[in-house]
Amino acid sequence: GYDNCSTASNHAFDQGAAGIDATLAEFDAQGLTQSGMARTKAEIAPRLLNVNGVLVAHLAYTYGYNGEPTPNGEWWRSAKLNPERIITDARTAREMGAQVVILSLHWGSEPLAEVTHGQRLWAEEITKSGLVDLIVGHHSHMVQPIEQVNGVWTVFGMGNSLSDHPTRDKYPPATQDGVVITVGMEISADGHVTVEPPVVHPTW
């Protein structure tokens, strides 16, 4: 049931440029698109998806790479989380014709169910731009709150979907939980987007 996926994460550089190339080649083979990693500079730039006649931009960023070096100095291989960059990319997407902008953020601290101060600061700065319609977060391996920030629904953390984490001190039993989120959107004739409250489907 996946069409477009976020690939921006702290593990994006684990296998270097070859790992990114192999991953995206497999996405191509399966007919999937993605946001967050790139084989070329052009591939990391915002692009539009046609979803039932609606032009959607899905932007994806990660807080860092576990200290792994940028492959071959190619900074564009993955998208780093920076509010100024995100706002610029969202504006670019709007100028390209995006009717909806969805943002995936790999952020927070593991394994915390609480939203960190940094997450809140980033969410505030990004949403006050008025350029983003929905934020979907992940990374902490724990389900985190869903709130409206400046009127924008923000899913701070979806927990784990599939994981082989054993339950131990660092990864408590709650890391076995996750959520699938469905969000309805309506676009009026004048282009105004109404985002319905997210519906949560718990998983284990």
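Scroll up to find the structure this text is about.
What counts as what
Along every chain, residues carry numbers that run from 1 in the direction the sequence is written. Residue-level local features of this predicted model are given only where pLDDT is at least 70; pairs of side-chain atoms are given and counted only at 80 or more, and the full residue set underlies all totals for whole chains, interfaces and linings. Only heavy atoms go into the side-chain values, all of them from the structure, while hydrogens and water stay out. A carboxyl oxygen of Asp or Glu within 4 Å of a side-chain nitrogen of Lys or Arg is what we treat as a salt bridge. Helix and strand definitions follow DSSP, with helices as H or I runs of at least four residues and strands as E runs of at least two, each counted in order from the N terminus. Partly exposed describes any residue whose relative accessible area lies between the buried limit of under 20% and the exposed limit of over 50%, with all areas from a 1.4 Å probe on protein chains only and scaled to the type maximum. What a helix is expected to span follows from its residue count: subtract one and scale by 1.5 Å. Arc, as used here, means the arc of the directions from the helix axis to the C-beta atoms. Note on contacts: a residue pair qualifies if any of its non-hydrogen atoms lie within 4.5 Å across the two residues. A 3.5 Å cut-off defines polar contacts: any pair of N or O atoms within that distance qualifies, except that in protein one atom must be a possible hydrogen donor and the other a possible acceptor, and neighbouring residues in sequence count only when both atoms are side-chain atoms.

(A) Summary view of the pattern of salt bridges. Applying the stated criterion across every chain yields a total of 7 salt bridges. Taking the shortest distance from any N to any O, the salt bridge between Asp89 and Arg85 comes out at 3.7 Å. Here Arg85 and Asp89 lie together in helix α3 (residues 83-96), a separation of 4 residues that amounts to about one turn. Residue class for Arg85 comes out partly exposed when judged on its relative accessible area of 22%. Put simply, Asp133 and Arg94 hold a salt bridge, and the shortest N to O gap is 2.8 Å. On the criterion of sequence distance, the pair formed by Asp133 in the loop between α4 (117-127) and β6 (134-138) and Arg94 in helix α3 is long-range, its members being 39 residues apart. Judged by relative accessible area, Asp133 falls into the buried class, the value being 12%. Each of Asp21, Glu74 and Arg77 takes part in salt bridges that share partners, so that together they form one network.

(B) Summary view of α3. For α3, which comprises 14 residues, the first-to-last C-alpha distance of 20 Å matches the rise-based estimate of 20 Å (1.5 Å per residue) to within 8%. Along α3, the positions that sit buried rather than exposed are Pro83, Ile86, Ile87, Asp89, Ala90 and Ala93. Down the axis of α3, the buried set is contained in an arc of 165°. They therefore lie on one face. Facing away from the buried side of α3 by more than 90 degrees, the exposed set consists of Glu84 and Glu95. Along its buried surface, α3 packs onto β4 (54-62), β5 (100-106) and α4. A side-chain oxygen of the first residue of α3 lies 3.0 Å from the backbone nitrogen of Glu84; this N-cap is Asn82.

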